[in-house]
Amino acid sequence: MGVKKRQKDLTTLDKLYLPEIFKGLALTFKSMFKPKVTMEYPEVKFEPPASYRGRPVLVQEENGVERCVACGLCSRVCPALAIEVRANETELEKERYPETFEINMIRCIFCGFCEEVCPEEAIVMSKDYELVFTNREDAVYGKDKLLVPVHKLKDRLEFLRNFK
Amino acid sequence: MPKITIDGKQFDFNHGQTIIETAKENGIEIPHFCWHPKLSISGNCRICLVEVEKMPKLVIACSTLAADGMVVNTQSDKTIAARNAVMEFILINHPLDCPICDEAGECKLQDYAFKHGTGESRFVEEKQHKDKRVELGPRIMFDAERCISCSRCIRFSDEIAGRNQLTFIRRGDRVTITTFPGEEFDNPYTMNTIDICPVGALTSKDFRFKSRVWEMSSTNSVCTGCARGCNTEIWVRDNKIQRLTPRINETVNGHWMCDDGRLNTFKHVNNEETRIDGPHIRVDGQLTKVTWNEAVKEAVKRLKSFNNTEIAFIGSAFATVEDNYAFQKFSKANFNATNLDFARHVVPGSGDDILICEDKTPNSLGAVLTGIQPVADGMNLAEIINGIKSKKIKALYIMEDDIAQLDSEYETLLAKLDLLIVHASNKNKTTTLADILLPVSTYAEKHGTIVNVDGMIQRMRPAVATEELERSLDQMPMSRWDKFGTKFDRWARGKKYDAKPSWKILGLLSQELPNKLKYKMAEDVFEDVSQHVKEFSGLDYDLIGEMGVKIKSDKITAKV
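Residues numbered from 1 in each chain as written. Chains lettered and ligands numbered in written order. Predicted model: local features only at pLDDT ≥ 70, side-chain atom pairs only at ≥ 80, totals over all residues. Heavy atoms only, no water.

Remarks on the overall build of chain A
In plain terms, the rule: Segments assigned H or I by DSSP are reported as helices when at least four residues long, segments assigned E as strands when at least two residues long, and all are numbered from the N terminus. For the radius of gyration, the atom set is restricted to C-alpha positions; the globular benchmark scales as 2.2 Å times the number of residues to the power 0.38. Exposure classes here rest on a 1.4 Å probe applied to the protein chains alone. A residue is buried below 20% of its type maximum, exposed above 50%, and partly exposed in between. Using the Shrake-Rupley algorithm and a 1.4 Å probe, accessible areas are obtained, with residue cover drawn only from the displayed protein chains. Under the convention used here, Asp and Glu are negative, Lys and Arg are positive, and both His and the chain ends fall outside the count. Here the site of a charge means NZ on Lys, CZ on Arg, CG on Asp, or CD on Glu.
Broken down by element type, chain A carries 6 helices and 6 strands. For chain A, the sequential pattern of α-helices and β-strands runs α-α-β-α-β-β-α-β-β-α-β-α. In terms of overall size, chain A is more extended than a compact globule, its C-alpha atoms giving a radius of gyration of 26 Å where 164 residues would be expected to give roughly 15 Å. Across its three principal directions, the C-alpha atoms of chain A cover 85 × 45 × 35 Å. With 164 residues in all, chain A has 36% of them scored as buried. When the accessible area of chain A is evaluated, it comes to approximately 11,200 Å², of which 57% is carbon and sulfur surface. Taken together, the 27 basic and 27 acidic charged side chains of chain A have centroids lying 13 Å from each other.

A closer look at the pairing of strand S14 (residues 280-283) of chain B
Residues and elements named next belong to chain B. Our working rule: DSSP bridges decide pairing: two strands pair if at least two such bridges lie between them.
Summarising the sheet, S14 and strand S15 (residues 286-289) pair through 4 bridges and their orientation is antiparallel. Within S15, the position partnered with Arg-282 by the bridge is Leu-287. With antiparallel pairing between neighbouring strands as the criterion, S14 and S15 make up a hairpin whose turn holds 2 residues, including Asp-284 at a positive phi of roughly 50°. By the bridge criterion, 2 bridges tie S14 to strand S20 (residues 436-439) in an arrangement that is antiparallel.

Observations concerning helix H9 (residues 321-335) of chain B
Residues and elements named next belong to chain B. Applicable threshold: Take the residue count of a helix, subtract one, and multiply by 1.5 Å to get its expected span.
The end-to-end C-alpha separation of H9 is 21 Å, in line with the 21 Å expected for 15 residues at 1.5 Å each. With respect to burial, H9 is a largely interior element, 12 of its 15 residues being buried. Following H9 by one or two positions, Asn-336 adopts a phi angle in the positive range, close to 50°.

Structural notes on the packing of aromatic side chains
Residue and element names in this part refer to chain B. Heads up, the rule is: Two rings from Phe, Tyr or Trp (for Trp, the six-membered ring) form a pair when their centres sit within 6.5 Å of each other. Planes less than 30 degrees apart are called stacked, planes more than 60 degrees apart edge-to-face, and all others tilted. Two limits define a charge over a ring: the Lys NZ or Arg CZ must be within 6 Å of the ring centre, and within 35 degrees of the ring normal.
In this structure the tally under the stated criterion is 16 aromatic pairs over all chains. Aromatic pair Phe-313 and Tyr-397: ring centres 5.8 Å apart, planes at 25°, arrangement stacked. Taken as a pair, Phe-313 in strand S16 (residues 311-315) and Tyr-397 in strand S18 (residues 395-399) lie far apart in primary sequence, 84 residues in all. Accessibility expressed as a relative area gives 0% for Tyr-397, which makes it buried. Here the aromatic cluster, defined as three or more aromatic residues joined through ring pairs, consists of Phe-313, Phe-327, Phe-330, Phe-335 and Tyr-397. The side chain of Arg-459 reaches across the aromatic face of Tyr-541, ending 4.1 Å from its centre.

Examining the sheet that holds strand S17 (residues 340-342) of chain B
Residue and element names in this part refer to chain B. Worth spelling out the cut-off: Here an axis means a line fitted to C-alpha atoms, over the contact stretch when the element is a helix, while the angle between two N-to-C directions is reported on a 0 to 180 degree scale. Only heavy atoms enter the contact rule, under which two residues are in contact if any of them lie within 4.5 Å.
As summarised here, the arrangement of the 7 strands in space is S15-S14-S20-S19-S18-S16-S17, forming an open sheet in which the pairing is mixed. Sheet topology places S15 and S17 at the edges, where each strand pairs with a single neighbour. Taken pair by pair, the neighbouring strands of this sheet meet at an average axis angle of 20°, ignoring direction. The pairing of strand S19 (residues 419-424) with S20 spans 4 bridges and is parallel. Paired with Ala-424 across the bridge in S20 is Pro-439. Along the sheet, helix H8 (residues 292-304) makes contact with S14, S16, S18, S19 and S20, crossing S20 at roughly 135°. This element, helix H15 (residues 502-510), spans S18, S19 and S20 of the sheet and lies at about 140° to S18.

This is how it looks when you write it as structure tokens:
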């Protein structure tokens with residue numbers, strides 16, 4: 001019964017280090033001639049595809065009114081309890097509108113359930129992934145930050161019609 | 001006893017009972033829209049069609065009398081096919097309004113579409129369009145498109161409210177509901193039609209769009225609008241009461257409550273402008289917020305500076321049995337009080353023979369039974385007032401009543417007192433005159449009991465949290481928001497007032513006095529009551545339960 005060689009016991013060749021260093025350098029050298037996959041963020045920004053689930057936003061129609069009728073289903077379905085809706089009556093035909101609509105971006109887990117459950121296609125996942133805040137209060141996005149004109153969301157709305 | 005077989009099981013029934021009643025009694029649910037246990041049979045919705053053996057066609061369970069030996073099948077293929085067909089038919093012109101409809105979540109049509117519908121419609125034509133916002137009356141908004149013409153509201157106003165104000169007009173799919181010419185749907189019970197409407201056609205103007213039903217918590221309580229004490233549910237969101245609905249209790253209010261009680265007994269609980277938040281003491285003529293400790297010390301110090309005969313105590317028929325009992329015990333034990341009474345708020349002619357009582361306080365019988373009355377040759381309320389005039393009474397301790405509001409001259413009289421201590425939840429004429437103002441929890445923020453006009457003792461439970469109550473620790477009903485909210489979520493930050501029930505405040509005061517009240521919970525007070533007041537002997541909160549207990553007393557006048 002000989003003594004079993006431990007894995008950390010290095011051979012003479014290993015102890016030289018040089019073969020491994022050349023291996024690594026060869027890989028780096030090869031990559032220099034391949035197309036670049038990195039971006040110089042934030043100077044250059046990543047444009048996600050339509051299927052991307054960025055922060056949820058509310059669709060604002062051309063006339064400036066939100067599509068949302070404040071049914072509260074997004075709020076009900078949200079597994080993280082991120083959404084709070086307060087409804088009130090409006091003179092418009094839709095009768096009901098969200099007086100306040102708040103998404104707590106600290107709670108949001110970007111699952112997209114709100115978008116899936118919405119009967120009006122009023123809340124959709126945007127391509128916006130830049131979420132920065134320095135305190136909890138700022139992380140609660142109200143209607144001012146959530147409303148996005150419909151023409152900016154065409155990609156996603158089209159994606160939903162095709163695949164939802 | 002005659003026997004009927006429903007779904008293979010045999011049941012006894014009484015002659016005159018219909019199939020639907022027999023089935024309901026035995027726990028078999030037959031779907032129904034137009035049938036209501038308290039209304040006459042209309043038989044127009046057809047959803048309750050069931051198969052009865054040896055009958056050539058399906059029959060409606062709501063108007064077919066049960067007969068001996070009858071064999072009913074509520075789950076046969078034929079019955080289910082008929083149910084699906086009726087659902088499809090009713091849904092033809094019903095708008096897909098659920099996202100904006102207030103009834104969503106407690107809608108019979110929604111539930112039945114899920115349970116008994118086929119899930120798809122073969123109707124490709126345009127749906128009938130009707131008016132969406134019709135003001136039927138001062139408190140009711142009618143959406144004609146949503147109406148499924150069950151006629152429950154029409155029958156209710158005719159049969160229960162006794163005012164035939166509503167009717168169908170037009171025919172076929174154009175049929176709609178309206179008031180008779182020159183009439184408004186304004187009887188004192190109109191809002192019950194919102195509860196019995198199986199869809200969202202009738203909605204409350206007050207509650208419209210305020211909250212979805214699943215976002216609120218509901219607490220069993222009792223209405224404090226008059227001496228009837230209708231059983232209610234208090235619906236709360238963000239620690240604010242959103243609406244009241246009646247709770248079924250056959251011995252008190254049946255299925256109903258009046259509009260006045262439903263609308264006007266909870267607004268003051270939410271009113272941030274008038275609610276008293278924390279104890280106040282008058283300093284340099286101004287009511288100034290102080291700590292409980294300071295207020296209690298000041299109250300006791302000033303009360304002690306008077307002769308016992310110079311102090312009068314006024315309890316309240318708005319306060320609970322516990323509060324009144326603690327009040328009389330506190331005053332008698334520590335100040336030998338004889339000048340003890342409470343004010344009655346009776347509006348002659350305001351009652352009816354349905355629910356509304358002339359006595360506008362919820363607990364006058366409770367106040368009487370707990371001993372809120374002059375002791376021996378002590379003064380009653382009128383004599384106390386005269387006593388203030390003649391300077392015999394120099395200090396007045398008022399619990400939960402706006403005495404200054406009772407008479408035009410009382411306001412100036414109360415201002416003449418050397419000391420006025422007031423327990424109140426909201427600012428009123430009396431509180432503006434108070435020297436020491438102690439904030440009390442409203443009926444929706446405490447445990448307690450009240451005794452109604454017929455001697456039914458009933459329980460109230462906290463639905464709204466105050467600073468001394470915590471929803472989860474105090475086992476108050478919780479909505480999903482309440483359960484999972486943190487202090488960083490806005491919905492969990494509803495306003496909490498610094499207020500306590502009167503018995504607790506009196507307990508604090510008594511700690512500075514020779515005879516201490518040693519109550520920790522409302523149950524402790526009630527235990528004391530049950531040991532000392534013969535009408536309540538043997539009772540406890542568990543026995544009173546959700547439905548109340550009728551007590552025996554010769555003081556029940558049983559006048560409506």
